[in-house]
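Structure at a glance
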Amino acid sequence: MRVSDRESHSDPHNKEWNKETMAAATKLVLSLLFFQLATTAYSIGVNYGTLANNLPPPAQVANFIKTQTIIDAVKIFDVNPGIIRAFANTGISLTITIPNGEIPGLTTLDGAKLYVAQHIQPFYPATKFKYILMGNEILHWGDAAQKNGLVPAMKMLYAALIQAGIKDVKVSTPHSLGIMLSSEPASAGRFRPEVIPILLDQLKFCRETKSPFIFNPYPYFGWSPQKENFALFRPNKGIFDQFTKKMYTNMFDNLMDAVFSACKALGFTDVQFVAAETGWPSACEFPVCSVQNAVDYNSNLIKHVNSGKGTPLMPNRKFETYIFALFNENQKPGPMAEKNWGLFRPDFTPVYNAGVMRNQQGGALPGKPAGPVLNKPARPHIPPGKPGKAATRPAAPVAGGKKWCVAKPGASPKALQANIDYVCSKGVDCKPIQAGGACSSGDLASKASFLMNSYYQANGRNNFNCDFSGSGLITTVNPSRGACAYKA
């Protein structure tokens, strides 16, 4: 009997069993396929900054990312319609940032609805918006109106999106780690008392809307010669947290878990995290910036995040992470490092291979910095930061592990004055820089440096205590001059 004959004479119950078996098998295959797709999906995005006069058109950028890289998520620092339009129908998710100054006008529903109508609806759904960020690092450097309006504006914008029928776009805001009071060990991570009321309101909003809590973890700013391997994911002895009995082998995990501990202390362990900015510059005046260091950090970061290993306190998780930045940007203000955070040059050639190109493995490629390479000292006494802004360069290094916080060279007078105003508002003694004080004879940068150091010394001496929105740096060179003695 032929096979067809056997099938035509088979038991109807067997046919039913075969159908069920086929359905189960199909379901299993599809499940395995979906599992494979899920496990091979990438968690790496990139920040697309535009402070340069030689960048390619947005349409070319979007096509390059889509066809030549594994990156499937992009974050921009504004609501540029040309860029938003360029990512239409690419399948690449886009995160946009509402300028800080717009926040007060979005605290009413009418204002938020108008903003959505003007900046979101004309491009939706062709452009795949993922997050709309309300400002950037508002709690660190926003004025009172921006800070007080931050969460109300987020709530109104979310309501306006829902009313417009846009239900697949989340609203959040990115924070610098200046919101942290402490971060070492990770289990002792806590938020600054003065920002807790706003963060509580935001965390409740994140929980209710299933939006992520977003922040910018930069191991680069925690760099020291002693912690270089720890910061760069290189082999190292690790740091043991005696309270949780967890071992940390890299600074990125330590920062992530410090924020988790701070959220946990407020009763929030169920909110997702997004690392909105992290990276490493490939060139600057100091050895800390090099092609090899940038390769080691970014390539190891990508492998670590995509592994799904998670962190000691948040195991088996993939954190959506955005590398800073897509391009070297030749018009960024500040020191040389600011111009050299990019994975690519403006002609799309890699500064180095971090492992984001399709069909390539990670590894160093010859890099060419965007600015002139200076003769580098063997051991930098002043690690650079982001973005560069203010201070006088002291002269003589000291022993004993002491550290001071000073302003970066090139900081604007506005940034320096903002630092002074902020520190004086926090109860730091500002009399030394006033008329007749021991530090009153210096220029604005030296006065700001004295007060920034006073704040740094009084608030835990963590690296982020000297961030000042990127305008501060830590030095092992004593900046004291005459009777103007800096604490250490």
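Throughout what follows, the structure given in this document is the object of discussion. (Residues numbered from 1 in each chain as written. Predicted model: local features only at pLDDT ≥ 70, side-chain atom pairs only at ≥ 80, totals over all residues. Heavy atoms only, no water.)

1. Remarks on the packing of aromatic side chains
As a reminder, the rule being used: Any Phe, Tyr or Trp ring, taking Trp's six-membered ring, that has another such ring centre within 6.5 Å forms a pair; planes under 30 degrees apart are called stacked, those over 60 apart edge-to-face, and the others tilted. To qualify as a helix, a DSSP run of H or I must reach at least 4 residues; to qualify as a strand, a run of E must reach at least 2; elements of each kind are numbered from the N terminus. A simple rule labels every residue: compare its accessible area, found with a 1.4 Å probe on the protein chains alone, to the largest value its type can have, and call it buried under 20%, exposed over 50%, or partly exposed in between.
The final tally for this structure, using the stated rule, is 23 aromatic pairs. Look at F215 and F273: their rings are 5.3 Å apart centre to centre, the planes differ by 80 degrees, and that puts the pair in the edge-to-face class. Here F215 is found in strand β9 (residues 213-216), whereas its partner F273 is found in strand β12 (residues 273-278), with 58 residues between them in sequence. Grouping residues by exposure puts F215 and F273 together as buried. When the ring of F233 is compared with that of F252, the centres are 6.5 Å apart and the planes differ by 40 degrees; the resulting orientation is tilted. Here the residue F233 occupies a position in the loop between α9 (228-231) and β10 (239-241), and F252 occupies one in helix α10 (residues 251-265), the gap between them amounting to 19 residues. Here F252 falls in the buried class, since its relative accessible area comes to 1%.

2. Topic: the packing of helix α5 (residues 109-119) against helix α7 (residues 144-163)
Rules: Inter-axis angles, ranging from 0 to 180 degrees, are taken between N-to-C directions of lines fitted to C-alpha atoms, where helices are fitted over the stretch in contact. Here is the rule for angles: anything less than 35 degrees is roughly parallel, anything more than 145 is roughly antiparallel, 65 through 115 is roughly perpendicular, and the remaining ranges are oblique. We call a crossing left-handed when the near helix sits turned anticlockwise from the far one by less than a right angle, and right-handed when that turn is clockwise. Note on contacts: a residue pair is in contact if any heavy atoms of the two residues lie within 4.5 Å. Side-chain classes are defined by residue name, with Ala, Val, Leu, Ile, Met, Phe, Trp, Tyr, Cys and Pro counting as nonpolar, Asp, Glu, Lys and Arg as charged, and the others, Gly among them, as polar.
Where α5 contacts α7, the axes come no closer than 8 Å and their chain directions differ by 55 degrees. By the criterion of interaxial angle, the relationship of α5 to α7 is oblique. Helix-helix and strand crossings are classified by hand; for α5 and α7 the assignment is right-handed. Where α5 approaches α7, its residues L109, A112, K113 and V116 are matched on the opposing element by M156, L157, A159, A160, L161 and Q163. When its residues are assigned to classes, the contact of α5 with α7 shows eight nonpolar, one polar and one charged.

3. Some points on α7
This is how the line gets drawn: Expected helix span is given by 1.5 Å per residue-to-residue step, counting one fewer step than there are residues. In this scheme, the bend at a residue equals the angle between the axes fitted to the seven residues that finish there and the seven that begin there.
Between its terminal C-alpha atoms α7 stretches 29 Å, which fits the 28 Å expected from 20 residues at 1.5 Å a residue. The sharpest bend along α7 comes to roughly 45 degrees, located at L150, with the proline P152 sitting one to four residues further on. Of all the positions in α7, only Q146, G149, L150, V151, A153, M154, L157, A160 and L161 are classed as buried. In the stretch just after α7, G165 is the one whose phi turns positive, near 85 degrees.

4. Considering the state of the cysteines
Linking two cysteines covalently through their sulfur atoms gives a disulfide. Definition in use: When two cysteine sulfur atoms are found within 2.5 Å, that pair is recorded as a disulfide.
If you walk through the whole model with that rule in mind, you get four disulfides. Each sulfur in the disulfide pair C439 and C484 lies 1.9 Å from the other. Measuring handedness by torsion sign, the sulfur bridge of C439 and C484 sits at about 105 degrees and is right-handed. Of the two residues, C439 sits in the loop between α12 (413-425) and α13 (444-458) while C484 sits in the segment after β15 (472-475), which places them 45 residues apart along the sequence. Given a relative accessible area of 1%, C439 falls into the buried group. Residue classification places C484 among the buried residues on the basis of a relative accessible area of 1%. Disulfide partners in the protein chain, listed by the sequence order of the bonded cysteines, are 1-2, 3-7, 4-5, 6-8. Looking at C206, it has no disulfide partner, and the nearest cysteine sulfur is the one in C263, 8.7 Å off. Judged by relative accessible area, C206 falls into the buried class, the value being 2%.

5. Observations regarding the side chain of S172
For clarity, the threshold we go by: Each polar contact in these results corresponds to two N or O atoms within 3.5 Å; when the atoms are within protein, one needs to be able to donate a hydrogen and the other to accept it, and residues that are neighboring in sequence are counted only if both atoms are side-chain atoms.
Within the fold, S172 resides in strand β5 (residues 170-172). The class for S172 is buried, based on a relative accessible area of 0%. Polar contacts involving the side chain of S172 include one to the main-chain carbonyl oxygen of P212, which spans 2.7 Å. If sequence neighbours within four positions are ignored, S172 has contacts with I132, L133, M134, M154, Q202, P212, F213 and I214.

6. Some thoughts on the pattern of salt bridges
What counts is decided by this rule: In what follows, salt bridge is the name for a side-chain nitrogen of Lys or Arg lying within 4 Å of a carboxyl oxygen of Asp or Glu.
The full count for this structure, using the stated rule, is eight salt bridges. D201 is paired through a salt bridge with K155; the nearest N and O atoms lie 3.2 Å apart. Here the residue D201 occupies a position in helix α8 (residues 196-209), and K155 occupies one in helix α7, the gap between them amounting to 46 residues. Across the pair D270 and R207 runs a salt bridge whose closest N-O atoms are separated by 3.0 Å. Of this pair, D270 sits in the loop between α10 and β12 while R207 sits in helix α8, placing them 63 residues apart in sequence. According to the relative accessible area criterion, D270 is partly exposed, its value standing at 45%. Owing to a relative accessible area of 38%, R207 belongs among the partly exposed residues under this scheme. Each member of the salt-bridge network shares a partner with another, and the members are E228, R234 and D296.

7. Focus on helix α3 (residues 58-68)
The condition is simple: The directions from the helix axis to the C-beta atoms are what the arc is built from.
Three or more residues of α3 are buried, namely V61, A62, F64 and I65. Down the axis of α3, the buried side of the element spans an arc of 160 degrees, and every buried residue falls inside it. The inward-facing, buried residues of α3 abut β2 (73-75) and α4 (81-86).

8. With respect to the layout of surface pockets
Rules: The method works on a 1 Å grid over the protein atoms by themselves. A cavity is a set of points holding a 1.4 Å probe that cannot get out, a pocket is an open set with protein on both sides within 12 Å along at least five of seven lines, and residues with an atom within 4 Å of a point line them. Grid points are joined across faces, edges and corners, and a volume is the space filled by probe spheres set on the points.
For the second largest pocket, the calculated volume is near 370 Å³. In this structure, the second largest pocket is lined by 24 residues; those nearest its centre are L139, H140, K147, Y422 and K426. Among the secondary structure elements, those contributing two or more residues to the lining of the second largest pocket are α6 (138-141), α7 and α12. Looking at the lining of the second largest pocket residue by residue, the classes come out as twelve nonpolar, six polar and six charged.

9. Concerning empty space enclosed by the protein
For the structure shown, the criterion picks out three cavities of 30 Å³ or more. The computed volume of the largest cavity comes to approximately 50 Å³. Around the largest cavity, the lining residues are F252, D253, H304, V305, G310, T311, R317, K318 and F319. The residue inventory of the lining of the largest cavity, partitioned by class, reads three nonpolar, three polar and three charged. Of the volumes computed, that of the second largest cavity is approximately 40 Å³. Of the residues that constitute the lining of the second largest cavity, the class distribution is six nonpolar, one polar and two charged.

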